[in-house]
Amino acid sequence: MPAIALLSALFVVGFDQFVQWQYGTTGVIGLLLLTVGIRAKSPTCSSIGAVVLALMVAGPAL
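All figures in this text were calculated on a predicted structure; none of them were measured in a lab.

Details of the overall build of the protein chain
So, step 1. Regarding its fold elements, the protein chain presents 2 helices and 0 strands.
So, step 2. Projecting the C-alpha coordinates of the protein chain onto the three principal axes gives extents of approximately 45 × 25 × 15 Å.
So, step 3. Looking at the protein chain residue by residue over its 62 residues, the buried ones come to 15%.
So, step 4. Once local pairs closer than 6 in sequence are excluded, the contacts in the protein chain between residues at least 24 apart make up 20%.
So, step 5. Carbon and sulfur atoms provide 75% of the accessible area of the protein chain, an area that totals close to 4,700 Å².

Some thoughts on a nonpolar patch on the surface
So, step 1. A grouping of F11, V12, F15, F18 and W21 is seen on the molecular surface, where their side chains present a nonpolar patch of about 610 Å² in accessible area.
So, step 2. Tracing the sequence through the fold places W21 in helix α1 (residues 2-39).
So, step 3. Given a relative accessible area of 67%, W21 falls into the exposed group.

Topic: the environment of T35
So, step 1. Note that T35 resides in helix α1.
So, step 2. We classify T35 as partly exposed; its relative accessible area is 33%.
So, step 3. Separated by 18 residues in the primary sequence, T35 and L53 place their C-alpha atoms 12 Å from one another.

Details of helix α2 (residues 43-58)
In an α-helix, one turn spans 3.6 residues; hence positions three or four apart end up facing the same way.
So, step 1. Between the first and last C-alpha of α2 there are 22 Å, a value that for 16 residues agrees with the 22 Å anticipated at 1.5 Å per step.
So, step 2. Of the positions making up α2, those classed as buried are C45, S46, G49 and L53. Seen from one end, α2 has its buried residues packed into an arc of 95 degrees, which puts them on one side. Opposite the packed face of α2, turned more than 90 degrees from it, sit the exposed residues P43, T44 and L55.
So, step 3. Lining the buried residues of α2 we find α1.

Topic: unusual backbone geometry
So, step 1. Residues other than glycine seldom take positive phi values, yet K41 does so here, at roughly 55 degrees.
So, step 2. With respect to the helices and strands, the residue K41 is situated in the loop between α1 and α2.

Quick notes on the rules
Residues numbered from 1 in each chain as written. Predicted model: local features only at pLDDT ≥ 70, side-chain atom pairs only at ≥ 80, totals over all residues. Heavy atoms only, no water. Helix = DSSP H or I, 4+ residues; strand = E, 2+ residues; numbered from the N terminus. Buried < 20%, exposed > 50% of the residue type's maximum accessible area, 1.4 Å probe, protein only. Contact = heavy atoms within 4.5 Å. Areas by Shrake-Rupley, 256 points an atom, 1.4 Å probe, with all protein chains shown as cover. Patch = residues over 30% accessible without salt bridge, like charges linked within 9 Å, V, L, I, M, F, W, Y side chains within 5 Å. Salt bridge = Lys/Arg side-chain N within 4 Å of Asp/Glu carboxyl O. Expected span 1.5 Å × (residues − 1). Arc of directions from axis to C-beta.

Below is the structure:
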């Protein structure tokens, strides 16, 4: 069980660093809003986070 928790923590930290490197602080804020919204079961918060991340990813294409 501790190995799974360690791998999970490493994945989360790695993904957070990737988002911050690729999309900057705004991407991290969007990821944070999405995560908090899902854990708190708040559709408004998770929707705002998803929209922020979608705009960050689709920004160069627009």
